[in-house]
Amino acid sequence: MKLIISNISGTPIYEQMKQQIKAAILSGELQEGDVLPSLRTLAKELKIAVLTVTRAYTELEQEGFVKNVQGRGCFVMGHSSELLREQLLCKIETSLSEAIHTAQVADLPKEELHHLLDLLMEEIQNDE
């Protein structure tokens, strides 16, 4: 996982880190049980304060994405985590809302949209 921090984005550094780590977890780049870099290591790599990394990790833990284990590190939580599941559901809702809107613009009937969803799900399941 590579974090890219911008000093000119207007978004606080801890928030940039948090968003990128969340995205990596939600996309599957980071899997359950993966350990995140130590606070000091990441702070040194990014040339930022340890407190900034601590804040990002703490907020990720509060949101259910990671679990901090004293003396062992910060670990990615599984998709069974209730908060993580809620985040994934929000992402699904957003994507489906966009698809519905696009289908309406294209005058695609609801039945065809359902059929398309079924086909895509079947295709993805066959690829796994």
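Each remark here, short or long, concerns the structure printed above.
How each quantity is defined
Residues numbered from 1 in each chain as written. Predicted model: local features only at pLDDT ≥ 70, side-chain atom pairs only at ≥ 80, totals over all residues. Heavy atoms only, no water. Helix = DSSP H or I, 4+ residues; strand = E, 2+ residues; numbered from the N terminus. Rg over C-alpha atoms; globule rule 2.2 N^0.38 Å. Buried < 20%, exposed > 50% of the residue type's maximum accessible area, 1.4 Å probe, protein only. Contact = heavy atoms within 4.5 Å. Areas by Shrake-Rupley, 256 points an atom, 1.4 Å probe, with all protein chains shown as cover. Lys, Arg positive; Asp, Glu negative; His and termini not counted. Charge placed at Lys NZ, Arg CZ, Asp CG, Glu CD. Core = buried A, V, L, I, M, F, W, Y, C linked by side-chain atoms within 4.5 Å.

Asker: Looking at this structure, I do not really get the overall build of the chain. What am I missing?
Answerer: Secondary structure assignment for the chain yields five helices and two strands. The order of helices and strands in the chain, counted from the N terminus, is α-α-α-β-β-α-α. A compact globule built from 128 residues should have a C-alpha radius of gyration of about 14 Å, whereas the chain, at 18 Å, is more than 25% larger. Along the first, second and third principal axes, the C-alpha atoms of the chain reach 55 × 35 × 25 Å. Within the chain, the fraction of its 128 residues that count as buried is 24%. For the chain, restricting intrachain contacts to residue pairs at least 6 apart in sequence, the fraction spanning at least 24 positions comes to 46%. Accessible surface, the chain: about 9,200 Å² in total, of which carbon and sulfur atoms supply 54%. Averaged over its 12 positive side-chain charges, the chain has a centre that lies 16 Å from the centre of its 20 negative ones.

Asker: Sorry if this is basic, but what is going on with the nonpolar core here?
Answerer: When a protein is soluble and globular, its nonpolar side chains tend to lie buried together. Ile21 and Leu36 are the most contacted members of the largest nonpolar core, which totals 20 residues. Among the elements that line this core, the one with the most residues is helix H1 (residues 13-27), at six residues. Setting aside anything within four residues of it in sequence, one finds isoleucine 21 in contact with Met1, Leu3, Leu30, Leu36, Tyr57 and Leu60.

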